[in-house]
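Structural characterization, general
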Amino acid sequence: MSKSSIVDSVSAYIHIPFCRRRCFYCDFPITVVGDKSNPDSPMLEEYVRFLCTEIEGIKSPNIPLQTVFFGGGTPSLLPVKFLARILTGLDKVLGIDPDAEISLEIDPGTFTLEQLQGYQSLGVNRFSLGVQGFQDQLLAVCGRSHRLADIEGSIDLIRQAGVTNFSLDLISGLPNQTLQQWEESLQKAVAIAPSHLSCYDLVVESVTPFGKQYQPGIKPLPDDETTANMYRLAASLLTAAGYEHYEISNYARDGRQCAHNRVYWQNEPYYGFGMGAASYIEGRRLTRPRTRRQYYDWVESGCIIDCPPSSSLDQLLETLMLGLRLKEGVNLKYLSQKFGSGVIGKILKSSERYLEKNWLQINEDKILKLTDPEGFLFSNTVLTHLFQVIEKIYPNPESQGIQES
């Protein structure tokens, strides 16, 4: 982005690509460093240097960052001194609000108590622990580098450091995973009592080892009925335990929703920095190069962003797709003002079948939302139909825009 750009984004995502190994379901842009990675590796220092150079190319916005999210990869493989350098660069260029939510993804067995305390001293106030499961067999099947003992040790370190705001990640629909195992993982997670839980259904990407081995719904993967029951079980068990199901895959205690991720779901602008990171700035979505060498070349060339802004149609589809992920849904009055009442009327007309099925609901305030859990569970079906309807209404959005009809 050019120095002349001034953006009112309040959030920044920073990609830390280093991992001990690549999990069998992962298609993220990462660099594998092995199980005995060197925290003083010149490779880590080089990456941080290029990352900070990219950040320095941004002109200061009008307001400081309210959320910062370090994702990966495995950000907990990054030494405290390097994280300090990145945060210092962000604060110098963009500013970080004193009360900002600063999140860091960590993996079991990749950090020490001293390291955790060091992150805290820099202002990190939210941690996301990539547990994925509580069965060694399933962890091995996934290619994870940790085991149950590592999870237990990491939870102990989190408690010793006095961390109160932390999340656990879990995955359902794994090869040979049973409903009983999934319930066991949920119960163990509840017993740990994190402030937040993310429960993701396995997505089999074609370029991954899982994608080359398995077909969704075919053994050893659980069938569709079983994965649907896994989703229903999570919703029932976690809400009964006091967690709010505030987004399709996310649950939180009161006041502990992930503020950073809400920026995505509300389709608001955000910065993205680092290899493969995505940003949404000035109506333009940009994904950076997915390899270190290509990313370094891009930074050295001046971080040139040359992509068209999203069309009105794209903005409408994105707002629907992201907003309906949230429990509170989307405000149709707002959509009418922004995109025209004609298109909203047709959205409502095409939604009747899903309102009858009780997958969708609309209240007196014109809030359209998916029901929990059935609407969330069939969200892809609902959205696919809505998109088809909208795209038929506006076949050439670039030339005519979103107009009332």
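Predicted, not measured: the structure shown is a model, and the values here were computed from it. (Residues numbered from 1 in each chain as written. Predicted model: local features only at pLDDT ≥ 70, side-chain atom pairs only at ≥ 80, totals over all residues. Heavy atoms only, no water.)

On to the sheet that holds strand β14 (residues 330-331), then. With antiparallel pairing, three strands are arranged side by side in an open sheet as β14-β16-β15. Either end of the sheet is taken by a strand with one partner, and the two such strands are β14 and β15 (360-362). (Pairing = 2+ DSSP bridges. Helix = DSSP H or I, 4+ residues; strand = E, 2+ residues; numbered from the N terminus.)

Further remarks concern the confidence of the model for the chain. Summing up the model confidence of the chain, the mean pLDDT is 93 and the portion of residues at 70 or higher is 95%. Overall, residues 1-6 carries pLDDT values under 50, and its contacts beyond four positions in sequence, including any with other chains, amount to 19 contacts. Within the model, the stretch residues 397-405 combines pLDDT values under 50 with 22 contacts to residues more than four positions away or in other chains. (pLDDT = per-residue confidence, 0-100. Contact = heavy atoms within 4.5 Å.)

Our focus in this paragraph is helix α11 (residues 312-323). Compared with the 16 Å implied by 1.5 Å per residue over 12 residues, the 16 Å span of α11 between its first and last C-alpha is a close match. Across the 12 residues of α11, nine count as buried, placing the element largely inside the fold. Turning to α11, its buried residues are Leu313, Gln315, Leu316, Leu317, Glu318, Thr319, Leu320, Leu322 and Gly323. (Expected span 1.5 Å × (residues − 1). Buried < 20%, exposed > 50% of the residue type's maximum accessible area, 1.4 Å probe, protein only.)

This part takes up the packing of helix α12 (residues 332-339) against helix α13 (residues 341-350). Running from N to C, α12 and α13 point in directions that differ by 135°, and their axes come no closer than 7 Å. When the axis of α12 is compared with that of α13, the two are oblique. Along the contact surface, α12 presents Leu332, Leu335, Ser336 and Phe339, while α13 presents Ser341, Val343, Ile344 and Leu348. (Axes fitted to C-alpha atoms, helices over the stretch in contact; angles between N-to-C directions. Parallel < 35°, antiparallel > 145°, perpendicular 65-115°, else oblique.)

Our next topic: the nonpolar core. Membership of the largest hydrophobic core comes to 73 residues, with the highest contact counts inside it found for Ile14, Phe70, Ile86, Leu90 and Phe273. By residue number, the principal contributor to this core is helix α1 (residues 42-56), which donates seven residues. The contacts of Phe70, once residues within four sequence positions are left out, are Ile14, Ile16, Pro75, Leu83, Ile86, Leu87, Ile102, Ser103, Leu104 and Glu105. Counting residues in hydrophobic clusters, the runner-up holds 26 residues, among them Leu324, Leu360, Leu368 and Val382. (Core = buried A, V, L, I, M, F, W, Y, C linked by side-chain atoms within 4.5 Å.)

The next thing to look at is the packing of aromatic side chains. Tallying each qualifying case throughout the model produces 15 aromatic pairs. Between Tyr246 and Trp265 the ring centres are 6.0 Å apart and the planes differ by 65°, which places this aromatic pair in the edge-to-face class. With Tyr246 in strand β9 (residues 244-247) and Trp265 in helix α9 (residues 259-265), this residue pair connects regions lying 19 residues apart in the sequence. Pair check on accessibility: Tyr246 and Trp265 agree, each one buried. Among the aromatic side chains, those forming a connected cluster through ring pairs are Phe18, Tyr47, Phe50, Tyr295, Tyr296 and Trp298. The ring of Tyr280 has Arg285 sitting right over it, with the charged end atom 3.8 Å from the ring centre. A cation over an aromatic ring shows up here: Lys357 above the ring of Trp359, its NZ or CZ 5.0 Å from the ring centre. (Phe/Tyr/Trp six-rings, centres within 6.5 Å; stacked < 30°, edge-to-face > 60°. Lys NZ or Arg CZ within 6 Å of the ring centre and 35° of its normal.)

In spatial order, the strands read β9-β10-β8-β7-β6-β5-β4-β1-β11; together these nine strands make up an open sheet with mixed pairing. Two strands lie at the open edges of the sheet, namely β9 and β11 (271-273), each paired on one side alone. The sheet shows a mean angle of 20° between the axes of neighbouring strands, taken without regard to direction. Bridge count between strand β5 (residues 96-106) and strand β6 (residues 126-132): four bridges; the pairing is parallel.

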